[in-house]
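Coordinate inspection notes
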Amino acid sequence: MHTIALVGNPNSGKTTLFNAITGSTQHVGNWPGVTVEKKEGFFTYNNEKYSLVDLPGTYTLGAFSEDEIVARDFVLKGNPEVVINVIDATNIKRNLYLTVQLLEMGANVVLALNMMDEAKAKEINIDINKLSDRLNVPIVETSASKKIGIDELLRVTVESISRKANSLDISYGEEIDEEIKNIEKLLENKDFPYPKRWLAIKILENDKDIVSLVSSDSEIKNYLERLKEEDKIYELEIVDKRYDYINSITKGLIKEPENIPTTTDKVDRVLTNYIFGIPIFALIMALVFQLTFKIGQDFLGGYVETFIGFIASSVENLLVSINAPDLLVSFVSEGFFGGVGAVLVFVPLIVVLYFFLAILEDTGYMARAAYVMDSLMRKVGLQGKSFISMVVGFGCNVPGIMSTRTLDNKKDRMIAILINPFMSCGARLPVYMVFIGAFFPNNGGLVLFLIYALGIAMALIMAKVFSKTLFKGEETHFIMELPPYRLPSMNSVFRDMWEKVWGFLKRAGTVIFLVVTILWVLSMLPAGVEPYSKESLLGRIGSLLAPIFSPAGFGTWQASVSLFAGIAAKEAIVGTLGMLYSPLELTEALRMNFTTLSAISYMVMVLLYTPCAATIATVKRETNSVKWALFMAVYTFLLGYIMAVVVYQIGSLFI
Amino acid sequence: MLKECLKLISEGSVKSAKDIAKKLNISEDEADLLIDHLKQMGYLEKDMSDFSCEGKCFGCNLANCPTNSIITFRLSDKGIKYIKNI
Ligand SMILES: Nc1nc2c(ncn2[C@@H]2O[C@H](COP(=O)(O)OP(=O)(O)OP(=O)(O)O)[C@@H](O)[C@H]2O)c(=O)[nH]1
Ligand SMILES: [Mg+2]
């Protein structure tokens, strides 16, 4: 029985063709491969039975994947009389690469120019007769899914069985041709089950399977070692030459309409524009914050606040009515609801912000943002890729810092780590929000945007400083995949968002609760002192620290204590303030204890000062150095402090 | 072309297939093809390939896996060595 093989790029329509030829009544047998399988079926033509083998789809016939080895081994060792090479007519040049390799093997090829229906619809015009002449291979047009051209393909295939195929000899240029000849000579009267010239080319292509096969021969092994010593690497050139050959063969034979720009192309022309790219990014982020503010705070925030307030007063009433001890009532209403509750109020805001960020990511815009930021990043001595770790930092600095692992160069990486905390993480959001609520209720989105922008600006400035002082080194480069834009999948957006929100809730229930509890105890001691007063233990500690912050405008003991609580976790700042000022409503209390200017300087401090403990621990782990972790904690504190003082002092001149 | 493409990437004058297409005056499909070959032959390697955050984002629960929508490729050691030799 004659055997015929189907070979082609993935998705070129081999299996469709296979089914069309063998029909559903035919027996289909499976050979289990390691990761792939080939399928055999049968068909009869002019009362003769033929076997047809469907091979896995591949772009090349190297030894890069199991699929390729399966396909190649079958062509070379399965002795198919004819190889039907299925080609996607809408993408000829790419598909012909495989054809060329088949021809080099000396396979008896029939080209099935498939997807002709689509090619016609796309107005791609192919001069098939000339192409067939130049390639010296029969070509049949097919549309497998419409069962068009199948009979003709079978006729030509069966006819070709008696055809004598000559292997194709491409010239690879003087130097390589010379090497091929040399190797062919070495291969003479050696018994490898492959065509000699093909073997020689594969050896020069550094095909790992073939190289290990022929290395059993000491002569060839020596030859290869010599090539290696002389750093003679030909694989790129060989691939190039194959494309040169394809270009020369197809020259003038394929007429395609001018590329119609896709929607992605058109959108990208604007969004990744050299000049407007960065301003557009800024605008989009500003819009995100504005929307976050409007929806998360103004609209949803109110409901949650009312709800938490309702529960708080119900629980308090209940406790009072059952004559619970005063201390317990105080802890529940002021510590738990005043503290932890103050953080929980911001859940809707977090939900909305991460919803938008997830959408930006899922549509493919974030990749473009990294793309447009690249040039700016390079100007400050950062690698463009560091922007990715910065974007991650907006969620949380811990994974932000961890994602700097992708920076191959140690200096880039150190800088990216050291500036990551200036990317304002989600945990800091509640702090800005209470201050915005108290002082800038009408410009919330703008203020929020400015804070984030200040964070980015600070990161860039410090990156420049570090790259000029601590770390100097050469840049490394990369390319980025810019996948087509797509509608966000709500599934992944919601999953992404939910993970973050759940994390936020978990922290409120654990770290924040713990911090608030400890501080509550400290503010009740020593026994008999008026709770939350300056005379309490906490008040005394805070009062010691407060003078340090006077130049920055927030030299109260409550503000000082909350900043230190914030080193445990940033949300704890709000939790602490909420508890220390309760039973007063937090916004009201802030208006009494801060001025507009000191609110600004306080927010600047919160943005820039020492990151949370988890972040510092991550720095230690990632840099493997306590020194750098301490450096991070201290330099950010100093920077935050200095900036807060500067803002307050300069502001005071005007107000 | 492959050599030129690799060189452009190593110089940092291109950031995407589109850029490569523009610089080499070829179609974007062809640029994609060049990149695919370079990846396949191991001259370019995917970033973050050794990056897994399972169980590692300790401490901060706001942490979840870094963004997966931004995929970048860098020159592999093989690629760097090759560029140095030409
Ligand atoms: N328009 C059109 N679509 C086709 C044609 N032939 C196949 N297709 C479609 O192309 C897709 C891929 O077809 P398959 O037969 O699975 O391709 P394959 O070559 O076996 O793919 P792999 O097994 O991955 O290598 C399917 O959706 C087919 O319906 C054709 O002639 N015209
Ligand atoms: Mg298939």
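The rules behind each value
- Residues numbered from 1 in each chain as written.
- Chains lettered and ligands numbered in written order.
- Predicted model: local features only at pLDDT ≥ 70, side-chain atom pairs only at ≥ 80, totals over all residues.
- Heavy atoms only, no water.
- Helix = DSSP H or I, 4+ residues; strand = E, 2+ residues; numbered from the N terminus.
- Rg over C-alpha atoms; globule rule 2.2 N^0.38 Å.
- Buried < 20%, exposed > 50% of the residue type's maximum accessible area, 1.4 Å probe, protein only.
- Contact = heavy atoms within 4.5 Å.
- Areas by Shrake-Rupley, 256 points an atom, 1.4 Å probe, with all protein chains shown as cover.
- Pairing = 2+ DSSP bridges.
- Axes fitted to C-alpha atoms, helices over the stretch in contact; angles between N-to-C directions.
- Parallel < 35°, antiparallel > 145°, perpendicular 65-115°, else oblique.
- Nonpolar A, V, L, I, M, F, W, Y, C, P; charged D, E, K, R; others polar.
- Core = buried A, V, L, I, M, F, W, Y, C linked by side-chain atoms within 4.5 Å.
- Buried area = accessible area lost by both parts, 1.4 Å probe.
- Salt bridge = Lys/Arg side-chain N within 4 Å of Asp/Glu carboxyl O.
- Polar contact = N/O pair within 3.5 Å; in protein donor to acceptor, adjacent residues only side chain to side chain.
- UniProt positions renumbered as here; feature names shortened; annotations may be inferred.
- pLDDT = per-residue confidence, 0-100.
- Domains from an automatic or database assignment.

Quick word on the overall build of chain A
Counting its regular elements, chain A contains 29 helices and ten strands. In terms of overall dimensions, chain A is more spread out than a globule: its C-alpha atoms have a radius of gyration of 35 Å, far above the 26 Å expected for 655 residues. Taking the principal axes of the C-alpha coordinates as reference, chain A spans close to 105 × 55 × 45 Å. Counting all 655 residues of chain A, 56% fall into the buried class.

So, the overall build of chain B
The number of helices and strands found in chain B is four helices and two strands. When burial is assessed residue by residue, chain B has 51% of its 86 residues classed as buried. Within chain B, contacts between residues separated by at least 24 positions form 61% of all contacts whose residues are at least 6 apart in sequence. Accessible surface, chain B: about 4100 Å² in total, of which carbon and sulfur atoms supply 48%.

Here we look at the sheet that holds strand β10 (residues 478–481) of chain A
Across a sheet, paired strands are connected by hydrogen bonds in the backbone, their directions being either parallel or antiparallel. Strand order in this open sheet of three strands is β10(A)-β2(B)-β1(B), and the pairing throughout is antiparallel. Either end of the sheet is taken by a strand with one partner, and the two such strands are β10 of chain A together with β1 (44–46) of chain B. Sheet twist, expressed as the mean angle between neighbouring strand axes with direction ignored, is 30°.

Quick notes on the packing of helix α20 (residues 429–439) of chain A against helix α25 (residues 571–581) of chain A
Residues and elements named next belong to chain A. Contact pair α20 / α25: the axes reach a minimum separation of 6 Å and the direction vectors enclose 45°. Classified by the interaxial angle, the pair formed by α20 and α25 is oblique. Here α20 contributes P430, V431, V434 and F435 to the contact with α25, which in turn contributes E571, I573, V574 and L577. Within the contact of α20 with α25, the residues separate by chemical class into seven nonpolar, no polar and one charged.

Considerations on the nonpolar core
Y432, F435, F554, L590 and Y602 of chain A are the most contacted members of the largest nonpolar core, which has 128 residues in total. Beyond its immediate chain neighbours, meaning those up to four positions away, Y602 of chain A contacts V431, F435, F554, A559, S562, L563, I573, L577 and F594 of chain A.

Things to note about unusual backbone geometry
Residues and elements named next belong to chain A. In this structure, D231 is a non-glycine residue whose phi angle is positive, near 55°. With respect to the helices and strands, D231 occurs in the loop between α10 (218–229) and α11 (235–250). A residue is classified by how much of its surface remains accessible, and D231, at 32% relative accessible area, is partly exposed.

Brief notes about the interface of chain A and chain B
Contacts between the two partners involve 55 residues from chain A and, on the opposite side, 53 residues from chain B. Carbon and sulfur atoms make up 59% of the area that chain A and chain B hide from each other, which totals about 5000 Å². In this structure, the connection of chain A to chain B is made through eight salt bridges. Between K18 of chain B and D268 of chain A there is a salt bridge, and its shortest N-O distance comes to 3.3 Å. Taken together, the links from chain A to chain B amount to 17 residue pairs in polar contact (both at pLDDT 80 or more). A per-class count over the side of chain A that touches chain B returns 24 nonpolar, nine polar and 22 charged.

Quick look at the UniProt feature "binding site: Mg(2+) 2" (unreviewed entry) in chain A
Residues and elements named next belong to chain A. UniProt marks N19, A20 and G23 with the feature "binding site: Mg(2+) 2" (unreviewed entry), using the numbering shown here. Residue N19 is classed as partly exposed on the basis of its relative accessible area, which comes to 41%. By the secondary structure assignment, A20 is in helix α1 (residues 14–22).

Digging into the confidence of the model for chain B
Residues and elements named next belong to chain B. When the pLDDT values of chain B are averaged, the result is 77; 73% of them are 70 or greater. Across chain B, element-level confidence peaks in helix α2 (residues 17–24) with a mean pLDDT of 92 and bottoms out in strand β2 (residues 71–75) with 83. Here residues 49–67 is modelled with pLDDT under 50, and outside its nearest four sequence neighbours on either side it reaches 50 contacts, counting other chains as well. The ipTM assigned to the predicted complex is 0.84, against a pTM of 0.77.

Some thoughts on the domain arrangement of chain A
Residue and element names in this part refer to chain A. What the domain assignment lists for chain A is domain 1 (2–160), domain 2 (174–233) and domain 3 (278–472 + 492–653). In this assembly, twelve residues from domain 1 lie in contact with nine residues from domain 2. Summing both partners gives a buried area of about 860 Å² for domain 1 against domain 2, and 50% of it is carried by carbon and sulfur. When the buried surface of domain 1 facing domain 2 is broken down by residue, R72, L76 and E104 rank first, second and third, together holding 45% of it. Summed over the shared surface of domain 1 and domain 2, the result is one salt bridge. A salt bridge links D207 to R72; the nearest nitrogen and oxygen atoms lie 2.6 Å apart. Looking at the side of domain 1 that touches domain 2, the element that brings in the most residues is helix α2 (residues 66–77), giving five residues. Within the side of domain 1 that touches domain 2, the residues separate by chemical class into six nonpolar, two polar and four charged.

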